Amino acid sequence: MQNKIKKLGKSIRKNIGLYVMLAIPLAWYIIFKYIPMYGLQIAFRRFNPTLGITQSPWVGLTYFKQFFDSYYFWDILWNTVSLSLFTMLVGFPMPIVLALIINEIKNLKFKKAIQNITYMPNFLSVVVIVSMLTLFSNRDYGLFNKITGLFGCAPVDFMSKPGYFQPLYVFSNVWQYMGFNAIIYIAALSGVDQELYEAASIDGATRMQKIIHISLPCIMSTIIVLFIMRIGNLMSVGFEKVYLMQNSVTLSASEVISTFIYKNGIQKGQFSYSTAVGMFNSVINFILLVSANFVSKKTTKTGLW
Amino acid sequence: MKRKAVAIFLCMALLAGMTAGCANTGAEPEKEQTTGTENAGSEQESSSKAQEESGGQESSNLNAEGFPIVNEQITLTVYGQRDQNQTEWKNMLVMQEYEKMTNIHMDFQEVPADGFAENKQLLFASNELPDVFLRSAINQNEVSTYGVGSGQLMILDDLIEEYAPNLKKIFDENPAMRTACMAADGHIYTIPFINTSATGKMDFKQWINTKWLETLGMEIPTTVEEFKEVLIAFRDEDPNGNGEKDEIPLGIREPSSVYALGGAWGLGHQLRDTYDIDENGQIHNWLCDDKFKEYLIYLNDLYQEGLLWQEYYKNDRPAWRSNLSGELFGAMYMPYSDVFLNCEQDYSGYEPLIGPYGEKFWADGTTGVETGCYALSNTCSDPAAAMRWVDYFFSEEGGLFFAFGIEGTTYTMDENALPVFNDDILNAEEGFMTALGKINMVPGGGFPCLRVDETDGVVASQRTKDAAAILAPYLPEVYYAKPAVSAEETDRVVAIEQDLNTYRDEAVTKFIIGEWGFDKWDEYCQTLEQIGIRELEGIYQNAIDALK
């Protein structure tokens, strides 16, 4: 034991510069990510601003119970989970497909142009995206209705139908982030050894076969790591976009945990209650992350840790 | 080697700077907490202590009567919500003039209306309170939480008794107004806006486009059936004569305003919500009643026929405004005509419609008291002066000064001894409301003051007054405000109302626009029961009984 500490001390002295550099992000995490967690205790207290976080009276699981008993609990939970799953199922593979396609383009100028065009929407603000959606889905002059009208469909007000909320949300997300998310895969693909392709060509592999048997397996570890990280965020759907897109008619499909917390906690000042709801959300995220990692390690031998 | 040393030094400096920055912010809340705990002890204690302090000042600085209020200038910090029509408060004519009169400098820290709700909650949560809350719309639940519960708002009973003779007089003459301001513990935490004028006795007035009626040769409708016929004519016969079918027969502004016509079905609007109160003081929430179902069937019919504004449920105020100024609405509900002054002469008020059971009733009454307009924090540096500051606005003279400004400069008295604004304000290029927002806080409302018939003209045009006068005889005799409930019950009320209102807005909208058929009615009623509509009713019933 002592020997170990001595060794560590020696190595620190030797590489002091590196350790100082490591200390900066470490300190950042402790100060901004771990210390604020002491505030979580107000989920179990009846928060009273004059008494402060540490002095407010304990109330146990009252606020968790209040949330579980709420009429909207199952709706909100289902909306959050289904919206996230939907977003992931559609949104996760798209950038991979796009990256593979871009990787196959041989004309360099054309390749760059495609890449730029697809990742541009990433820089649009969510507010702009939602206004565009509102305009496009207008019943009288919206783009979507003009298109469906060509096929003889009756005009529909997409923004006011709960059934259309999730598709609108998910596909506009795909459109906006596909290009940007593809960058990391394109980078991974560019690192694939060209000799593999050459060898495959000599063996008479078609393009499709090269993609399936060389490109995909080579970026598989990147895909899995990103996938696990996505699962860890499964329950945290983007707040702004959902909040901007929802209206009183679509609430049954569009109220998710984050908008619920905002309306109850911040706007109505129920800090203890919304902390409890937020904590519930994080605990589920944590469980999902750990189990996804466990499964991945068992099956593919790749994992976050 | 030297370069490495420099690099290490820079890293160290960065790290030190970072932690130093945090140390400051980290230490501050702790300091607050300790002062917070001191203050928290007992509500009564802190407010009486504050009074003692001010009592000490009184002898030297505070004048018990007249102006200036203080001999040596004092400064109070003020937090509040600024309406988009209002100029910065420190540049407001009335506020500037009043500072000269009182010798009290108000350090205004106002927040725009957008995002105000969050800002207010965070202010309370951080416990860094100003001296005074002005136009902060502190509702009953917040009074329970931050007044009765955490003691961050000061109890004002004794201060009103001692330093607010004008307000005290109003309260003594109208005990109902005093009870309307009381929290569940029987104390007063906020100063209201009081409106005793005739137009203030109701919120919405109903308007119909008489020019269109004349064009079509039709009479003002008296029953709901006739009303529908008129709306159909508005839709089909191009009353504005532009050859296009752009008329919107019935303009309802948003989902929360669909209840305006409910009076014809005998649906009251007590507690400013979906309640009836009978002569024995028994309250009843009518959301599951058959008559409400019939009312919704009527509205659903109007919607399907294209008579009701098709976009009403989208909460799209800009679209509403542009339709309004474009004179596209045939009939509609608005509290005042100030937003459609350009075509005001084409609209006029009319009597309540007679419903299917012969009821003629205008439900949308008010108590004339809007609570939560002005409050003092428990750390207020001079409560006595702050109370004297606001009390002047509850005198007739002060009410006139607030609403109209300075005689000669901004207004003159007409032959009926009623104040009239100068032409440059009435016909201001930027619009009357914006011009008014440079003088006072009338645009947006919610300022603690007294408004009477004489000063009502500041917002109510003659047409609005007429429209109100027509409806006035059909108002409920007694009107109840939402009562305050105890801090423990507040948690329940907030929890139930959150779910109930969300569900109600969604369900009612779906019934009206036809997304749901009325075969879903039983399911809808069951859900409301499940959410706790009767428990909520019971809580309010107890609170109302307690007031008697």
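Rules used throughout
- Residues numbered from 1 in each chain as written.
- Chains lettered and ligands numbered in written order.
- Predicted model: local features only at pLDDT ≥ 70, side-chain atom pairs only at ≥ 80, totals over all residues.
- Helix = DSSP H or I, 4+ residues; strand = E, 2+ residues; numbered from the N terminus.
- Rg over C-alpha atoms; globule rule 2.2 N^0.38 Å.
- Buried ≥ 20, exposed ≤ 12 C-beta atoms within 10 Å, placed from the backbone.
- Contact = placed C-beta atoms within 7 Å.
- Pairing = 2+ DSSP bridges.
- Axes fitted to C-alpha atoms, helices over the stretch in contact; angles between N-to-C directions.
- Right-handed = clockwise from strand over helix to strand, strands pointing away.
- Core = buried A, V, L, I, M, F, W, Y, C linked by C-beta atoms within 7 Å.
- Domains from an automatic or database assignment.
- Parallel < 35°, antiparallel > 145°, perpendicular 65-115°, else oblique.
- Left-handed = near helix turned anticlockwise from the far one by under 90°.
- Nonpolar A, V, L, I, M, F, W, Y, C, P; charged D, E, K, R; others polar.
- Expected span 1.5 Å × (residues − 1).
- Arc of directions from axis to C-beta.
- pLDDT = per-residue confidence, 0-100.

A look at the overall build of chain A
Argument step 1. Assigned secondary structure in chain A consists of 15 helices and zero strands.
Argument step 2. Expected size for 305 residues packed as a compact globule is a radius of gyration near 19 Å; at 25 Å, chain A overshoots this value by more than 25%.
Argument step 3. Taking the principal axes of its C-alpha atoms as reference, chain A extends roughly 75 × 75 × 35 Å.
Argument step 4. Across the 305 residues of chain A, 27% fall into the buried class.
Argument step 5. Looking at chain A alone, contacts between residues at least 24 apart form 66% of all its contacts between residues at least 6 apart.

Topic: the overall build of chain B
Argument step 1. A count of helical and extended segments in chain B gives 20 helices and 14 strands.
Argument step 2. By residue count, 45% of the 548 residues in chain B fall in the buried class.

With respect to the sheet that holds strand 5 (residues 205–209) of chain B
Residue and element names in this part refer to chain B.
Argument step 1. Taken together, four strands build an open sheet; the order of strands is 6-9-5-10 and the sheet is mixed. Strands at the two margins of the open sheet, each flanked by one partner only, are strand 6 (248–251) and strand 10 (347–349). Put simply, the sheet's adjacent strands are angled 20° from each other on average, direction ignored.
Argument step 2. Two elements, strand 5 and strand 10, share three bridges in a ladder whose sense is antiparallel. In the strand pairing of strand 10, N209 is matched with Y347.
Argument step 3. Where helix 17 (residues 462–471) meets the sheet, it contacts strand 5 and strand 10, and its direction lies at approximately 35° from that of strand 10.

Considerations on the sheet that holds strand 4 (residues 191–195) of chain B
Residues and elements named next belong to chain B.
Argument step 1. In spatial order, the strands read 2-1-3-11-4-14; together these six strands make up an open sheet with mixed pairing. One side of each edge strand has no neighbouring strand; the edge strands of this open sheet are strand 2 (104–112) and strand 14 (450–451).
Argument step 2. Looking at chain direction, strand 3 (residues 132–134) and strand 11 (residues 369–376) are connected through three bridges and run antiparallel. The residue bridging L134 from the neighbouring strand is Y374, located in strand 11.

A word on the environment of A:S274
Residues and elements named next belong to chain A.
Argument step 1. Along the chain, S274 falls in helix 15 (residues 271–300).
Argument step 2. We classify S274 as buried; it has 24 C-beta atoms within 10 Å.
Argument step 3. For the pair S274 and F260, spaced 14 residues apart in sequence, the C-alpha separation works out to 8.2 Å.
Argument step 4. Excluding residues that lie within four positions of it along the chain, S274 makes contacts with I261, N264 and G265.

As for the pairing of strand 2 of chain B
All names here are of chain B.
Argument step 1. Two strands pair when backbone bridges link them, and strand 1 (residues 74–82) and strand 2 are joined in this way by nine bridges, in the parallel orientation. When the sheet's bridge partners are listed, Q81 is paired in strand 2 with V111.
Argument step 2. Following the backbone out of strand 1, through helix 3 (residues 93–102) and into the adjacent parallel strand 2, one traces a crossover that is right-handed.

Digging into the nonpolar core
Nonpolar side chains tend toward joint burial in soluble globular proteins.
Argument step 1. Ranked by size, the top nonpolar core spans 170 residues in total, and within it B:L156, B:L299, B:L308 and B:A386 carry the most contacts.
Argument step 2. The leading source of residues in this core is helix 18 (residues 487–513) of chain B, at eight residues.
Argument step 3. Residue assignment places this core across two domains, with domain 1 (42–191 + 370–398) and domain 2 (203–364 + 485–547) of chain B each supplying three or more.
Argument step 4. Once you skip the residues sitting within four places of it in the chain, B:L308 turns out to touch B:L250, B:I252, B:L299, B:L302 and B:Y303.
Argument step 5. Formed by ten residues, the second largest nonpolar core is a distinct cluster that contains A:A182, A:Y185, A:A188 and A:L189.

Description of the packing of helix 11 (residues 207–232) of chain A against helix 15 of chain A
Residues and elements named next belong to chain A.
Argument step 1. The N-to-C vectors of helix 11 and helix 15 enclose an angle of 155°; their axes lie 7 Å apart at closest approach. Compared by their axis directions, helix 11 and helix 15 come out roughly antiparallel. Relative to helix 15, the crossing made by helix 11 is right-handed. Judged by residue contacts, I224, I228, I231 and G232 of helix 11 engage N285, L288, L289, A292, N293, S296 and T300 from helix 15.
Argument step 2. In terms of residue class, the contact of helix 11 with helix 15 is made up of six nonpolar, five polar and no charged.

Focus on the domain arrangement of chain B
Residue and element names in this part refer to chain B.
Argument step 1. Taken domain by domain, chain B holds domain 1 (42–191 + 370–398) and domain 2 (203–364 + 485–547).
Argument step 2. Measuring from the centre of the C-alpha atoms in domain 1 to the corresponding centre in domain 2 gives 36 Å.
Argument step 3. Contacts between domain 1 and domain 2 engage seven residues on the former and seven residues on the latter.
Argument step 4. No other element matches the five residues that helix 5 (residues 140–149) contributes to the side of domain 1 that touches domain 2.

Regarding the environment of A:L135
Residue and element names in this part refer to chain A.
Argument step 1. Tracing the chain through its elements places L135 in helix 7 (residues 126–136).
Argument step 2. Owing to 12 C-beta atoms within 10 Å, L135 belongs among the exposed residues under this scheme.
Argument step 3. The sequence separation of L135 and M159 amounts to 24 residues, and the corresponding C-alpha distance is 9.7 Å.

Some words on helix 20 (residues 533–547) of chain B
Residue and element names in this part refer to chain B.
Argument step 1. Look at helix 20: 22 Å from first C-alpha to last across 15 residues, which is about the 21 Å you get at 1.5 Å a residue.
Argument step 2. Along helix 20, the positions that sit buried rather than exposed are I533, L536 and Y540. All buried residues of helix 20 lie within an arc of 65° about the axis, which places them on one face of the element.
Argument step 3. Where helix 20 is buried, its residues touch strand 8 (283–285), helix 18 and helix 19 (521–531).

Digging into the confidence of the model for chain B
All names here are of chain B.
Argument step 1. Chain-level pLDDT for chain B is 86 on average; 89% of the residues reach the 70-or-more range.
Argument step 2. Predicted confidence for residues 17–58 stays below pLDDT 50, and this span has 41 contacts to residues more than four positions away or in other chains.
Argument step 3. Taken over the whole predicted complex, pTM reads 0.77, whereas the ipTM for its chain interfaces reads 0.75.

Brief notes about the packing of helix 5 (residues 93–104) of chain A against helix 9 (residues 162–190) of chain A
Residue and element names in this part refer to chain A.
Argument step 1. Packing of helix 5 against helix 9 leaves a shortest axis separation of 7 Å and a crossing angle of 55°. Judged on the interaxial angle alone, helix 9 and helix 5 are oblique. Pair helix 5 / helix 9 crosses with right-handed handedness. Counting all contacts with helix 5, which are made through M94, P95, I96, L98, A99, I102 and N103, the residues of helix 9 involved are V174, M178, G179, N181, A182, Y185, I186 and L189.

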